[in-house]
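These are the residues of each chain, in order.
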Amino acid sequence: MSTSSADKFDKLSTLPPDSIFHLAQKAKAATGPKADLIIGAYRDEHGRPYPLKTVRKAEQRLLDMNLDYEYLPIAGYKPFIDEATKIIYADTVAPDHLVAVQTLSGTGAVALGAKLLTHVYDPVTTPIYLSNPTWPNHHAILPAAGWKDIRSYSYYDPETMSLDFEGMKKDIHTAPNGSIFVLHQCAHNPTGVDPTHAQWEEIADLMLAKKHQVFFDSAYQGYASGSLDEDAFAARLFVKKGIQFLLAQSFSKNMGLYNERIGTLSVVLHNPEKAAAVKTHLELLIRANYSNPPAHGARLVHLVLSDKELRKEWEAELADMAGRIRTMRRTVYNELKRLETPGSWEHVINQIGMFSFLGLTKEQCQYCQDHNVFITLTGRANMAGLTHDTALMLVKTVDEAVRTV
Ligand code: LMR
């Protein structure tokens, strides 16, 4: 091979690995007793991956169906999209005000939405705000979509280990009118701290007053409270307030469909006459990127959501999963109290969803990792990955870290 073509690649330096996936591999490879609490995936009470029973049933049924093996449309499988968006919006949005497409799960939806917004806003001059902290991948997706002015808004107060609501409001207020705000619809990742209903009301009013563009990331519906309706509160409220927004939806967690990459991107529009235009822009982006989405996950989710019996079973299973996470939070909290671990630990039971933000220093988190308790260096622990035994192991190690590091 001639060296001239290879030379062009010389300018590439090796980038740091993805913080979550890299650490997840490390945790997987570790030997001996361990608590692997890195990746946001639900495990059963024995720490094993948990394929949902309802999804397994739907899979069996799909095998017996006479399926169409040819391409899905560019925008995806319409019956799936209709059912999926219904669990977010219920009947709050008139159908002609909603444009939705199937996506490669939540990540694909955020990426597609970020790209769509570059057709509407100037990605060089429009500030786009992420919560501080946020899911690390948001910081990778936005620049990859062309956004240049990426800023943070206050969200988590490490002192109180709760929402910095005054700081958040101030940042929304002082942002230039017409900025873009990425909000976590429920079960904030990584902190497990969500605004209350009353706080969401205030946030919505501020967004309206400032004419900001809202983009919801909704990856955990059902995990925060165990109820799909309760966990869609923010999106439905914003619709009722007349806010025009985008929403990225994922079924990775609430159906355990991590590998099928199944989700939606929806756009709630003021002007229904623009629905066709938005749809064509989305289709163009999809077609130019991966042509059209895979069918299997869409068919599974559609079946679970549309079949009365499966739907009931799934909602019960989801409520059980959310309940098991709450039990694990309680176990961790009680054990920290029993050991009289220095500090206040109420946040562990007050936070919701999969993750707990433990409130440890980076060095204390490193101590935990060095002792086979795998949490991120920001102190995020996947509570849905705990068993009774690993909960005790987590607490013992946190106790040592807090006392000695
Ligand atoms: C996580 O935050 O651990 C999950 O959302 C998995 C991922 O893609 O990062």
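Residues numbered from 1 in each chain as written. Predicted model: local features only at pLDDT ≥ 70, side-chain atom pairs only at ≥ 80, totals over all residues. Heavy atoms only, no water.

1. Observations concerning the packing of aromatic side chains
Applying the stated criterion across every chain yields a total of 14 aromatic pairs. Taking the centre distance of 5.5 Å and the plane angle of 65 degrees together, the rings of tyrosine 42 and tyrosine 50 count as edge-to-face. Given the relative accessible area of 6%, tyrosine 42 is considered buried. Centre to centre, the rings of phenylalanine 216 and phenylalanine 245 are 5.2 Å apart; their planes meet at 90 degrees, and the pair counts as edge-to-face. With phenylalanine 216 in strand β8 (residues 213-218) and phenylalanine 245 in strand β9 (residues 245-250), the pair connects residues that are 29 residues apart, well separated along the chain. Like phenylalanine 216, the residue phenylalanine 245 is buried in the burial classification. (Phe/Tyr/Trp six-rings, centres within 6.5 Å; stacked < 30°, edge-to-face > 60°. Buried < 20%, exposed > 50% of the residue type's maximum accessible area, 1.4 Å probe, protein only. Helix = DSSP H or I, 4+ residues; strand = E, 2+ residues; numbered from the N terminus.)

2. Some remarks on the site of the ligand
Taken together, Ile20, Phe21, Ile39, Gly40, Trp135, Asn189, Tyr220, Lys253, Phe355 and Arg380 make up the full set of residues near the ligand. Tryptophan 135 places a polar side-chain atom, nitrogen or oxygen, 2.9 Å from an oxygen atom of the ligand. Between the ligand and the protein, one listed contact pairs an oxygen atom with a side-chain N or O atom of arginine 380 at 2.8 Å. Notes on the ligand: free accessible area 260 Å², of which the protein chains cover 85%. Residues of the shell around the ligand, tallied by class, amount to six nonpolar, two polar and two charged. Residues lining the shell around the ligand come from more than one domain, with at least three contributed by each of domain 1 (19-50 + 322-404) and domain 2 (71-306). (Near = heavy atom within 4 Å. Polar contact = N/O pair within 3.5 Å; in protein donor to acceptor, adjacent residues only side chain to side chain. Areas by Shrake-Rupley, 256 points an atom, 1.4 Å probe, with all protein chains shown as cover. Nonpolar A, V, L, I, M, F, W, Y, C, P; charged D, E, K, R; others polar. Domains from an automatic or database assignment.)

3. With respect to the sheet that holds strand β2 (residues 98-104)
Strand order in the open sheet formed by seven strands is β2-β10-β9-β8-β7-β3-β4, with mixed pairing between adjacent strands. The open sheet terminates on both sides in strands that have one partner only, identified here as β2 and β4 (150-154). Going from strand to strand, the sheet's axes swing by 25 degrees on average, the running direction of each strand aside. As defined by bridge partners, β2 adjoins strand β10 (residues 262-268) across seven bridges and the pair is classed as antiparallel. Bridging from a neighbouring strand, leucine 98 pairs with valine 268 of β10. Docked against the sheet, helix α4 (residues 78-89) engages β2, β8, β9 and β10, running at close to 65 degrees with respect to β10. Against the sheet, helix α7 (residues 165-174) engages β4 and β7 (180-184), with an angle of about 140 degrees to β4. (Pairing = 2+ DSSP bridges. Axes fitted to C-alpha atoms, helices over the stretch in contact; angles between N-to-C directions. Contact = heavy atoms within 4.5 Å.)

4. Brief notes about the environment of phenylalanine 233
Looking at the element boundaries, phenylalanine 233 is found in helix α9 (residues 233-240). For the pair formed by phenylalanine 233 and tryptophan 200, sequence separation is 33 residues and the distance between their alpha carbons is 8.8 Å. Residues within four places of phenylalanine 233 in sequence aside, it is in contact with Gln185, His197 and Trp200.

5. Quick look at the environment of serine 356
Relative to the helices and strands, serine 356 is located in strand β11 (residues 355-357). Residue classification places serine 356 among the buried positions, given a relative accessible area of 0%. C-alpha of serine 356 to C-alpha of threonine 174: the two residues are 182 residues apart in sequence and 30 Å apart in space. Beyond its immediate chain neighbours, meaning those up to four positions away, serine 356 contacts Pro190, Arg329, Val348, Gln351, Gly379, Arg380, Ala381 and Met383.

6. Considering the domain arrangement of the chain
What the domain assignment reports for the chain is domain 1 (19-50 + 322-404) and domain 2 (71-306). Relative to domain 2, the C-alpha centre of domain 1 lies at a distance of 28 Å. With 20 residues of domain 1 in contact, the opposing surface of domain 2 contributes 20 residues. For the pairing of domain 1 and domain 2, the buried interface totals around 1500 Å² over both sides, and the portion due to carbon and sulfur atoms is 64%. Considering only the surface of domain 1 that becomes buried against domain 2, Ile352, Phe355 and Phe357 emerge as the three largest contributors, covering 33% of it. Taken together, domain 1 and domain 2 are joined by zero salt bridges. At the junction of domain 1 with domain 2, the criterion picks out five residue pairs in polar contact (both at pLDDT 80 or more). Those elements that place two or more of their residues in the side of domain 1 that touches domain 2 are α2 (19-29), α12 (308-338) and β11. A per-class count over the side of domain 1 that touches domain 2 returns ten nonpolar, eight polar and two charged. (Buried area = accessible area lost by both parts, 1.4 Å probe. Salt bridge = Lys/Arg side-chain N within 4 Å of Asp/Glu carboxyl O.)

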